[in-house]
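# Structure assessment
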Amino acid sequence: MTPRRSIRRALGAALLFPAALAVVVAVFPIERRGRALALFFGITGALTALGPLLGGWLTTWTWRAIFWVNVPVAVVALILIALARISDRRRDEPLDVPGALMIVVGMGASVLGFQQASAWGWDSAATWACIAGGLALLYVFCRYELRIRHPLINLSVFRDRAFTVDALVLFFAMLAFVPVFFFASVYAQVSLSASPNQAALYLLYFFVGFAIASQWGGRILDKRGARPALKTGCLVGAIGFALWAGKLTDLSMHDQWPYAALAGAGIGFLLAPASTDAVNRAIDASYGEVTGITQTVRNYAASVGLAVFGTVLTHTMTDRVEDTLQARGIPPDTAHSVAGDVTQSITVQADTRTPTGDGPVATAMRDAMSSIRMDFAEANQWVFYGMAIALGIGFLCALRHPADRGPATAEGAREPSPVRH
(Lines give C-alpha, C1' and ligand atoms only; values in the text may rest on other atoms or scores of the structure.)
Protein backbone atom coordinates (compact mmCIF):
# COMPACT_ATOMS: atom_id res chain seq x y z
CA MET A 1 0.00 0.00 0.00
CA THR A 2 1.34 3.42 -0.93
CA PRO A 3 1.82 6.11 1.76
CA ARG A 4 -0.86 8.25 0.09
CA ARG A 5 -3.44 5.47 0.34
CA SER A 6 -2.44 4.75 3.94
CA ILE A 7 -2.97 8.41 4.83
CA ARG A 8 -6.40 8.41 3.18
CA ARG A 9 -7.43 5.32 5.13
CA ALA A 10 -6.17 6.86 8.38
CA LEU A 11 -8.05 10.09 7.71
CA GLY A 12 -11.23 8.17 7.00
CA ALA A 13 -10.97 6.22 10.24
CA ALA A 14 -10.18 9.39 12.18
CA LEU A 15 -13.34 11.02 10.84
CA LEU A 16 -15.64 8.03 11.26
CA PHE A 17 -15.23 6.92 14.87
CA PRO A 18 -15.76 10.26 16.68
CA ALA A 19 -18.71 11.03 14.39
CA ALA A 20 -20.31 7.61 15.03
CA LEU A 21 -19.80 7.96 18.77
CA ALA A 22 -21.25 11.49 18.71
CA VAL A 23 -24.35 10.25 16.91
CA VAL A 24 -24.97 7.57 19.55
CA VAL A 25 -24.55 10.15 22.30
CA ALA A 26 -26.89 12.61 20.59
CA VAL A 27 -29.65 10.05 20.00
CA PHE A 28 -29.91 8.59 23.51
CA PRO A 29 -30.92 10.58 26.61
CA ILE A 30 -28.46 10.84 29.48
CA GLU A 31 -30.19 8.25 31.68
CA ARG A 32 -29.87 5.60 28.93
CA ARG A 33 -26.55 6.68 27.49
CA GLY A 34 -24.40 4.32 29.55
CA ARG A 35 -26.13 1.18 28.25
CA ALA A 36 -26.23 2.53 24.71
CA LEU A 37 -22.49 3.19 24.60
CA ALA A 38 -21.80 -0.10 26.36
CA LEU A 39 -23.57 -1.81 23.46
CA PHE A 40 -21.65 0.40 21.00
CA PHE A 41 -18.28 -0.56 22.46
CA GLY A 42 -19.35 -4.18 22.85
CA ILE A 43 -20.16 -4.41 19.14
CA THR A 44 -16.95 -2.63 18.12
CA GLY A 45 -15.01 -4.95 20.42
CA ALA A 46 -16.68 -8.02 18.93
CA LEU A 47 -15.88 -6.84 15.41
CA THR A 48 -12.31 -6.15 16.48
CA ALA A 49 -12.09 -9.73 17.71
CA LEU A 50 -13.56 -10.95 14.42
CA GLY A 51 -10.96 -9.00 12.41
CA PRO A 52 -7.93 -11.19 13.23
CA LEU A 53 -9.96 -14.37 12.70
CA LEU A 54 -11.25 -13.20 9.34
CA GLY A 55 -7.84 -11.80 8.39
CA GLY A 56 -6.11 -15.09 9.20
CA TRP A 57 -8.58 -16.99 7.04
CA LEU A 58 -8.41 -14.50 4.15
CA THR A 59 -4.61 -14.42 4.04
CA THR A 60 -4.56 -18.18 3.47
CA TRP A 61 -6.35 -17.39 0.21
CA THR A 62 -4.54 -14.18 -0.78
CA TRP A 63 -3.18 -11.27 1.26
CA ARG A 64 -5.00 -8.84 -1.06
CA ALA A 65 -8.31 -10.08 0.30
CA ILE A 66 -7.81 -8.17 3.56
CA PHE A 67 -8.17 -4.99 1.49
CA TRP A 68 -10.96 -6.25 -0.77
CA VAL A 69 -13.17 -7.08 2.21
CA ASN A 70 -13.37 -3.39 3.10
CA VAL A 71 -15.33 -2.64 -0.09
CA PRO A 72 -18.57 -4.51 0.77
CA VAL A 73 -18.26 -3.32 4.38
CA ALA A 74 -18.11 0.30 3.18
CA VAL A 75 -21.09 -0.24 0.86
CA VAL A 76 -23.19 -1.66 3.70
CA ALA A 77 -22.14 1.25 5.93
CA LEU A 78 -23.21 3.81 3.31
CA ILE A 79 -26.60 2.11 2.95
CA LEU A 80 -27.13 2.11 6.72
CA ILE A 81 -26.17 5.79 6.94
CA ALA A 82 -28.71 6.63 4.24
CA LEU A 83 -31.45 4.66 5.98
CA ALA A 84 -30.69 6.18 9.40
CA ARG A 85 -31.32 9.74 8.20
CA ILE A 86 -29.04 11.22 10.82
CA SER A 87 -29.88 14.79 11.76
CA ASP A 88 -27.10 17.24 11.02
CA ARG A 89 -26.63 20.63 12.61
CA ARG A 90 -23.69 22.48 11.15
CA ARG A 91 -21.67 25.32 12.61
CA ASP A 92 -19.28 26.85 10.13
CA GLU A 93 -15.87 27.65 11.58
CA PRO A 94 -12.46 28.01 9.95
CA LEU A 95 -10.10 25.08 10.32
CA ASP A 96 -7.27 25.71 12.75
CA VAL A 97 -4.49 24.67 10.37
CA PRO A 98 -1.53 25.80 12.56
CA GLY A 99 -3.00 23.92 15.51
CA ALA A 100 -3.57 20.79 13.43
CA LEU A 101 0.03 20.85 12.21
CA MET A 102 1.40 21.35 15.71
CA ILE A 103 -0.54 18.48 17.28
CA VAL A 104 0.29 16.10 14.42
CA VAL A 105 4.02 16.89 14.50
CA GLY A 106 4.13 16.94 18.32
CA MET A 107 2.44 13.58 18.74
CA GLY A 108 4.29 12.05 15.81
CA ALA A 109 7.72 13.18 17.01
CA SER A 110 7.20 12.00 20.59
CA VAL A 111 5.93 8.59 19.48
CA LEU A 112 8.83 8.29 17.01
CA GLY A 113 11.30 8.92 19.83
CA PHE A 114 9.80 6.21 22.02
CA GLN A 115 9.57 3.79 19.11
CA GLN A 116 13.12 4.30 17.83
CA ALA A 117 14.70 4.16 21.27
CA SER A 118 15.27 0.43 20.74
CA ALA A 119 17.33 1.17 17.60
CA TRP A 120 18.90 4.52 18.49
CA GLY A 121 19.39 3.81 22.19
CA TRP A 122 18.16 5.73 25.21
CA ASP A 123 21.46 7.60 25.36
CA SER A 124 20.99 8.90 21.79
CA ALA A 125 20.50 12.62 21.25
CA ALA A 126 18.04 11.84 18.43
CA THR A 127 15.83 9.82 20.80
CA TRP A 128 15.52 12.60 23.34
CA ALA A 129 15.30 15.31 20.69
CA CYS A 130 12.19 13.61 19.28
CA ILE A 131 10.60 12.93 22.67
CA ALA A 132 11.39 16.29 24.26
CA GLY A 133 10.77 18.23 21.05
CA GLY A 134 7.42 16.53 20.48
CA LEU A 135 6.23 17.10 24.05
CA ALA A 136 7.42 20.72 23.94
CA LEU A 137 5.47 21.28 20.72
CA LEU A 138 2.35 19.81 22.34
CA TYR A 139 2.79 22.29 25.20
CA VAL A 140 3.07 25.14 22.68
CA PHE A 141 -0.05 23.77 20.97
CA CYS A 142 -2.02 23.93 24.24
CA ARG A 143 -0.91 27.52 24.88
CA TYR A 144 -1.82 28.47 21.32
CA GLU A 145 -5.27 26.86 21.49
CA LEU A 146 -6.16 28.85 24.61
CA ARG A 147 -5.52 32.15 22.81
CA ILE A 148 -7.27 31.79 19.47
CA ARG A 149 -10.98 32.37 18.76
CA HIS A 150 -11.71 29.11 16.92
CA PRO A 151 -9.40 26.46 18.40
CA LEU A 152 -8.96 22.99 17.00
CA ILE A 153 -9.57 21.60 20.50
CA ASN A 154 -11.62 23.40 23.13
CA LEU A 155 -9.22 22.93 26.07
CA SER A 156 -11.62 24.64 28.45
CA VAL A 157 -13.37 21.27 28.89
CA PHE A 158 -10.39 20.14 30.99
CA ARG A 159 -11.37 22.65 33.68
CA ASP A 160 -13.90 20.06 34.80
CA ARG A 161 -12.00 17.70 37.10
CA ALA A 162 -14.20 14.74 36.21
CA PHE A 163 -13.56 15.20 32.49
CA THR A 164 -9.81 15.38 33.15
CA VAL A 165 -9.95 12.19 35.22
CA ASP A 166 -11.98 10.45 32.50
CA ALA A 167 -9.33 11.43 29.93
CA LEU A 168 -6.47 10.24 32.17
CA VAL A 169 -8.14 6.90 32.84
CA LEU A 170 -8.72 6.44 29.11
CA PHE A 171 -5.07 7.32 28.43
CA PHE A 172 -3.64 4.75 30.84
CA ALA A 173 -6.18 2.10 29.83
CA MET A 174 -5.35 2.55 26.14
CA LEU A 175 -1.65 2.07 26.90
CA ALA A 176 -2.66 -1.57 27.40
CA PHE A 177 -5.85 -2.08 25.38
CA VAL A 178 -4.59 -1.59 21.83
CA PRO A 179 -1.00 -2.87 22.27
CA VAL A 180 -2.22 -6.14 23.80
CA PHE A 181 -3.59 -7.19 20.40
CA PHE A 182 -0.13 -7.06 18.83
CA PHE A 183 1.94 -8.44 21.70
CA ALA A 184 -0.44 -11.28 22.59
CA SER A 185 -0.78 -12.30 18.94
CA VAL A 186 2.98 -12.42 18.31
CA TYR A 187 3.54 -14.18 21.64
CA ALA A 188 1.02 -16.86 20.70
CA GLN A 189 2.69 -17.45 17.33
CA VAL A 190 6.26 -17.45 18.67
CA SER A 191 6.16 -18.92 22.18
CA LEU A 192 3.05 -21.09 21.80
CA SER A 193 3.83 -22.06 18.17
CA ALA A 194 0.26 -21.12 17.21
CA SER A 195 -0.94 -20.43 13.69
CA PRO A 196 -2.37 -16.97 12.87
CA ASN A 197 -5.90 -18.37 13.25
CA GLN A 198 -5.04 -19.94 16.60
CA ALA A 199 -3.48 -16.66 17.72
CA ALA A 200 -6.77 -14.92 16.88
CA LEU A 201 -8.62 -17.46 19.02
CA TYR A 202 -6.15 -16.73 21.83
CA LEU A 203 -7.17 -13.06 21.65
CA LEU A 204 -10.82 -14.11 21.71
CA TYR A 205 -10.50 -14.96 25.43
CA PHE A 206 -9.67 -11.30 26.07
CA PHE A 207 -12.66 -10.09 24.07
CA VAL A 208 -15.10 -12.43 25.81
CA GLY A 209 -14.25 -10.77 29.11
CA PHE A 210 -14.36 -7.35 27.46
CA ALA A 211 -17.80 -7.85 25.88
CA ILE A 212 -19.44 -9.15 29.05
CA ALA A 213 -17.96 -6.53 31.38
CA SER A 214 -18.73 -3.64 29.01
CA GLN A 215 -22.46 -4.27 29.55
CA TRP A 216 -22.02 -4.28 33.32
CA GLY A 217 -19.97 -1.10 33.13
CA GLY A 218 -22.72 0.70 31.24
CA ARG A 219 -25.35 -0.32 33.81
CA ILE A 220 -23.11 0.78 36.69
CA LEU A 221 -22.70 4.17 35.03
CA ASP A 222 -26.47 4.66 34.61
CA LYS A 223 -27.25 3.60 38.20
CA ARG A 224 -24.28 4.80 40.28
CA GLY A 225 -22.16 7.11 38.13
CA ALA A 226 -18.76 6.73 36.52
CA ARG A 227 -16.47 6.51 39.54
CA PRO A 228 -17.39 2.92 40.64
CA ALA A 229 -17.05 1.65 37.06
CA LEU A 230 -13.67 3.34 36.56
CA LYS A 231 -12.28 2.07 39.86
CA THR A 232 -13.55 -1.46 39.25
CA GLY A 233 -12.26 -1.56 35.68
CA CYS A 234 -8.77 -0.31 36.49
CA LEU A 235 -8.42 -2.63 39.50
CA VAL A 236 -9.73 -5.72 37.72
CA GLY A 237 -7.63 -4.94 34.65
CA ALA A 238 -4.44 -4.42 36.67
CA ILE A 239 -4.96 -7.73 38.48
CA GLY A 240 -5.82 -9.52 35.24
CA PHE A 241 -2.77 -8.31 33.34
CA ALA A 242 -0.48 -9.07 36.30
CA LEU A 243 -1.80 -12.63 36.62
CA TRP A 244 -1.68 -13.09 32.85
CA ALA A 245 1.95 -11.97 32.81
CA GLY A 246 2.82 -14.53 35.47
CA LYS A 247 1.34 -17.33 33.32
CA LEU A 248 3.09 -16.45 30.05
CA THR A 249 6.07 -18.69 30.81
CA ASP A 250 3.80 -21.72 31.28
CA LEU A 251 3.51 -21.82 27.47
CA SER A 252 -0.04 -23.14 27.74
CA MET A 253 -2.94 -21.38 26.07
CA HIS A 254 -5.42 -23.41 28.12
CA ASP A 255 -3.96 -22.22 31.45
CA GLN A 256 -3.98 -18.56 30.47
CA TRP A 257 -7.56 -17.96 29.32
CA PRO A 258 -9.06 -16.99 32.73
CA TYR A 259 -6.47 -14.24 33.18
CA ALA A 260 -6.80 -13.00 29.60
CA ALA A 261 -10.58 -12.78 30.12
CA LEU A 262 -10.05 -10.97 33.44
CA ALA A 263 -7.77 -8.41 31.78
CA GLY A 264 -10.36 -7.87 29.04
CA ALA A 265 -13.10 -7.49 31.66
CA GLY A 266 -11.15 -4.69 33.32
CA ILE A 267 -10.98 -2.70 30.08
CA GLY A 268 -14.64 -3.47 29.37
CA PHE A 269 -15.76 -2.11 32.74
CA LEU A 270 -14.20 1.31 32.20
CA LEU A 271 -14.15 2.09 28.47
CA ALA A 272 -17.80 3.03 27.90
CA PRO A 273 -18.29 4.73 31.31
CA ALA A 274 -15.20 6.91 30.92
CA SER A 275 -16.14 7.91 27.37
CA THR A 276 -19.79 8.54 28.25
CA ASP A 277 -19.08 10.47 31.43
CA ALA A 278 -16.62 12.68 29.57
CA VAL A 279 -19.41 13.72 27.19
CA ASN A 280 -21.93 14.18 29.98
CA ARG A 281 -19.58 16.47 31.90
CA ALA A 282 -18.39 18.67 29.03
CA ILE A 283 -21.60 20.69 28.70
CA ASP A 284 -19.98 23.67 26.94
CA ALA A 285 -18.72 21.78 23.90
CA SER A 286 -20.33 19.78 21.11
CA TYR A 287 -20.68 16.01 21.15
CA GLY A 288 -18.44 15.69 18.11
CA GLU A 289 -15.79 17.91 19.67
CA VAL A 290 -15.69 16.02 22.97
CA THR A 291 -15.65 12.60 21.35
CA GLY A 292 -12.87 13.87 19.09
CA ILE A 293 -10.83 14.85 22.16
CA THR A 294 -11.30 11.51 23.89
CA GLN A 295 -10.53 9.64 20.67
CA THR A 296 -7.33 11.68 20.24
CA VAL A 297 -6.32 10.80 23.80
CA ARG A 298 -7.01 7.13 23.16
CA ASN A 299 -5.13 6.96 19.86
CA TYR A 300 -2.12 8.85 21.21
CA ALA A 301 -1.97 6.56 24.24
CA ALA A 302 -2.20 3.48 22.01
CA SER A 303 0.68 4.76 19.87
CA VAL A 304 2.80 5.56 22.92
CA GLY A 305 2.02 2.14 24.40
CA LEU A 306 3.04 0.29 21.24
CA ALA A 307 6.25 2.33 21.03
CA VAL A 308 7.27 2.06 24.69
CA PHE A 309 6.35 -1.60 25.18
CA GLY A 310 7.90 -2.46 21.82
CA THR A 311 11.16 -0.90 22.97
CA VAL A 312 10.99 -2.79 26.28
CA LEU A 313 10.32 -6.07 24.46
CA THR A 314 13.14 -5.52 21.97
CA HIS A 315 15.74 -4.68 24.61
CA THR A 316 14.76 -7.52 26.94
CA MET A 317 14.49 -10.09 24.16
CA THR A 318 17.89 -9.14 22.69
CA ASP A 319 19.61 -9.43 26.07
CA ARG A 320 18.06 -12.82 26.81
CA VAL A 321 18.81 -14.31 23.39
CA GLU A 322 22.36 -13.00 23.62
CA ASP A 323 22.81 -14.80 26.96
CA THR A 324 21.27 -17.97 25.50
CA LEU A 325 23.68 -18.00 22.54
CA GLN A 326 26.73 -17.23 24.68
CA ALA A 327 25.81 -20.16 26.92
CA ARG A 328 26.10 -22.34 23.80
CA GLY A 329 29.59 -21.17 22.97
CA ILE A 330 28.89 -18.31 20.56
CA PRO A 331 31.41 -15.40 20.97
CA PRO A 332 29.93 -12.26 22.63
CA ASP A 333 30.21 -10.00 19.56
CA THR A 334 28.62 -12.58 17.28
CA ALA A 335 25.95 -13.41 19.87
CA HIS A 336 25.00 -9.73 20.18
CA SER A 337 24.65 -9.30 16.41
CA VAL A 338 22.68 -12.52 15.92
CA ALA A 339 20.44 -11.74 18.92
CA GLY A 340 19.51 -8.42 17.34
CA ASP A 341 18.63 -10.11 14.06
CA VAL A 342 16.59 -12.79 15.84
CA THR A 343 14.68 -10.20 17.85
CA GLN A 344 13.95 -8.17 14.73
CA SER A 345 12.64 -11.15 12.78
CA ILE A 346 10.47 -12.35 15.66
CA THR A 347 8.97 -9.06 16.84
CA VAL A 348 8.34 -7.68 13.35
CA GLN A 349 7.36 -10.78 11.38
CA ALA A 350 6.73 -13.47 14.03
CA ASP A 351 9.26 -15.53 12.09
CA THR A 352 10.19 -18.71 13.99
CA ARG A 353 11.61 -20.78 11.15
CA THR A 354 14.47 -23.05 12.14
CA PRO A 355 17.82 -21.74 10.79
CA THR A 356 19.49 -23.80 8.06
CA GLY A 357 23.20 -24.36 7.50
CA ASP A 358 26.06 -26.26 9.08
CA GLY A 359 27.95 -23.36 10.72
CA PRO A 360 28.36 -23.07 14.50
CA VAL A 361 25.88 -20.20 14.72
CA ALA A 362 23.16 -22.03 12.77
CA THR A 363 23.75 -25.18 14.80
CA ALA A 364 23.56 -23.27 18.07
CA MET A 365 20.40 -21.55 16.90
CA ARG A 366 18.71 -24.85 16.07
CA ASP A 367 19.65 -26.22 19.48
CA ALA A 368 18.41 -23.07 21.20
CA MET A 369 15.00 -22.65 19.51
CA SER A 370 13.05 -23.90 22.53
CA SER A 371 15.07 -21.63 24.80
CA ILE A 372 14.49 -18.67 22.48
CA ARG A 373 10.74 -19.25 22.62
CA MET A 374 11.00 -19.12 26.40
CA ASP A 375 13.16 -15.98 26.14
CA PHE A 376 10.39 -14.34 24.17
CA ALA A 377 7.79 -15.36 26.75
CA GLU A 378 9.92 -13.91 29.55
CA ALA A 379 10.44 -10.68 27.59
CA ASN A 380 6.68 -10.38 27.12
CA GLN A 381 6.22 -10.69 30.87
CA TRP A 382 7.84 -7.27 31.23
CA VAL A 383 5.37 -5.87 28.70
CA PHE A 384 2.30 -7.33 30.40
CA TYR A 385 3.48 -6.24 33.84
CA GLY A 386 3.88 -2.78 32.31
CA MET A 387 0.26 -2.91 31.19
CA ALA A 388 -0.78 -3.86 34.72
CA ILE A 389 1.17 -0.89 36.08
CA ALA A 390 -0.54 1.43 33.56
CA LEU A 391 -3.96 0.32 34.79
CA GLY A 392 -2.77 0.65 38.39
CA ILE A 393 -1.95 4.31 37.67
CA GLY A 394 -5.37 4.60 36.07
CA PHE A 395 -6.89 3.33 39.33
CA LEU A 396 -5.11 6.08 41.28
CA CYS A 397 -6.53 8.62 38.82
CA ALA A 398 -10.02 7.13 39.20
CA LEU A 399 -9.87 7.76 42.94
CA ARG A 400 -9.82 11.49 42.14
CA HIS A 401 -13.07 11.31 40.19
CA PRO A 402 -15.94 13.24 41.83
CA ALA A 403 -18.53 10.96 43.38
CA ASP A 404 -21.44 13.04 42.07
CA ARG A 405 -23.18 12.29 38.79
CA GLY A 406 -22.12 15.59 37.25
CA PRO A 407 -23.89 18.76 36.12
CA ALA A 408 -25.16 17.20 32.90
CA THR A 409 -27.37 14.81 34.85
CA ALA A 410 -29.06 17.47 36.87
CA GLU A 411 -32.63 18.40 35.99
CA GLY A 412 -32.75 21.14 33.42
CA ALA A 413 -29.02 21.04 32.76
CA ARG A 414 -27.99 22.29 29.36
CA GLU A 415 -26.57 19.62 27.09
CA PRO A 416 -23.98 20.13 24.41
CA SER A 417 -24.95 20.86 20.85
CA PRO A 418 -25.35 17.57 18.96
CA VAL A 419 -22.56 17.62 16.38
CA ARG A 420 -20.16 20.29 15.24
CA HIS A 421 -18.57 20.24 11.80
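What counts, and where the lines are drawn
Residues numbered from 1 in each chain as written. Predicted model: local features only at pLDDT ≥ 70, side-chain atom pairs only at ≥ 80, totals over all residues. Heavy atoms only, no water. Axes fitted to C-alpha atoms, helices over the stretch in contact; angles between N-to-C directions. Helix = DSSP H or I, 4+ residues; strand = E, 2+ residues; numbered from the N terminus. Parallel < 35°, antiparallel > 145°, perpendicular 65-115°, else oblique. Left-handed = near helix turned anticlockwise from the far one by under 90°. Contact = heavy atoms within 4.5 Å. Nonpolar A, V, L, I, M, F, W, Y, C, P; charged D, E, K, R; others polar. pLDDT = per-residue confidence, 0-100. Core = buried A, V, L, I, M, F, W, Y, C linked by side-chain atoms within 4.5 Å. Buried < 20%, exposed > 50% of the residue type's maximum accessible area, 1.4 Å probe, protein only. Expected span 1.5 Å × (residues − 1). Phe/Tyr/Trp six-rings, centres within 6.5 Å; stacked < 30°, edge-to-face > 60°. Patch = residues over 30% accessible without salt bridge, like charges linked within 9 Å, V, L, I, M, F, W, Y side chains within 5 Å. Areas by Shrake-Rupley, 256 points an atom, 1.4 Å probe, with all protein chains shown as cover. Salt bridge = Lys/Arg side-chain N within 4 Å of Asp/Glu carboxyl O.

To continue, consider the packing of helix H7 (residues 161–177) against helix H11 (residues 253–281). Across the interface, H7 lies against H11 with an axial gap of 9 Å and an inter-helix angle of 150°. On the basis of the axis angle, H7 is roughly antiparallel to H11. For H7 against H11, the interelement crossing comes out left-handed. Of the residues in H11, those in contact with Ala162, Phe163, Asp166, Val169, Leu170, Ala173, Met174 and Phe177 of H7 are Ile267, Leu270, Leu271, Ala274, Ser275, Asp277, Ala278 and Arg281.

For the pair helix H10 (residues 226–247) and H11, the least separation of the axes is 7 Å and the interaxial angle reads 155°. With respect to H11, the axis of H10 lies roughly antiparallel. Where H10 crosses over H11, the two elements pack in a sense that is left-handed. When the residues that make up the contact of H10 with H11 are grouped by side-chain class, the tally is 19 nonpolar, six polar and three charged.

Below, the discussion takes up the confidence of the model for the protein. With 78% of its residues at a pLDDT of 70 or more, the protein shows a mean pLDDT of 81. Predicted confidence in the protein is weakest over helix H1 (residues 3–27), with a mean pLDDT of 62, and strongest over H10, with 95. Scored below 50 in pLDDT, residues 408–421 makes 38 contacts in the model with residues more than four places away or belonging to other chains.

The next subject is the nonpolar core. Counting residues in hydrophobic clusters, the biggest one holds 91 residues, and the most contacted among them are Val180, Phe206, Phe241, Trp244 and Phe384. When neighbours within four sequence positions are excluded, Phe384 is seen to be in contact with Val180, Phe183, Ala184, Phe241, Trp244, Ala245 and Leu248. In terms of nonpolar packing, the next biggest core, distinct from the first, is built from six residues, Ala213, Ile220, Ala265 and Phe269 among them.

What follows concerns H11. Between the first and last C-alpha of H11 there are 42 Å, a value that for 29 residues agrees with the 42 Å anticipated at 1.5 Å per step. Of all the 29 residues making up H11, 22 are buried; the element is thus mostly covered by neighbouring parts of the structure.

This paragraph deals with unusual backbone geometry. With a phi close to 55°, Ser193 is a non-glycine residue in the positive phi region. Looking at the element boundaries, Ser193 is found in the loop between helix H8 (179–190) and helix H9 (196–224). What makes Ser193 partly exposed here is its relative accessible area of 46%. The phi torsion at Leu251 lies on the positive side, around 55°, for a residue other than glycine.

What follows covers the environment of Pro94. Looking at the element boundaries, Pro94 is found in the loop between helix H4 (70–84) and helix H5 (97–120). Sequence separation between Pro94 and His150 is 56 residues; the distance between their C-alpha atoms is 7.1 Å.

Before going further, it helps to spend a moment on the packing of aromatic side chains. Under the counting rule described, the total for this entry stands at 21 aromatic pairs. Aromatic side chains Tyr187 and Tyr202 sit 6.0 Å apart centroid to centroid with 40° between the ring planes, which places their arrangement in the tilted category. With Tyr187 in helix H8 and Tyr202 in helix H9, this pair connects stretches of sequence that are 15 residues apart. One exposure class covers both Tyr187 and Tyr202, and it is buried. Considering the side-chain rings of Phe206 and Phe241, the 6.3 Å spacing of their centres and the 50° angle between planes classify their relative orientation as tilted. One end of the pair, Phe206, is in helix H9; the other, Phe241, is in helix H10, and 35 residues separate them in sequence. On the basis of relative accessible area, Phe206 is assigned to the buried category, the value being 1%. Among the aromatic side chains, those forming a connected cluster through ring pairs are Phe177, Phe181, Tyr187, Tyr202, Phe206, Phe207, Phe210, Phe241, Trp244 and Phe384.

Let's shift gears to a nonpolar patch on the surface. On the surface, a nonpolar cluster with roughly 570 Å² of combined accessible area is contributed by Val71, Val75, Val76, Ile79, Leu80 and Leu83. Position of Val75 among the secondary structure elements: in helix H4.

Within the element layout of this structure, Ser185 appears in helix H8. If we ignore the near neighbours within four places in the chain, the residues touching Ser185 are Val180, Ala199 and Leu203.

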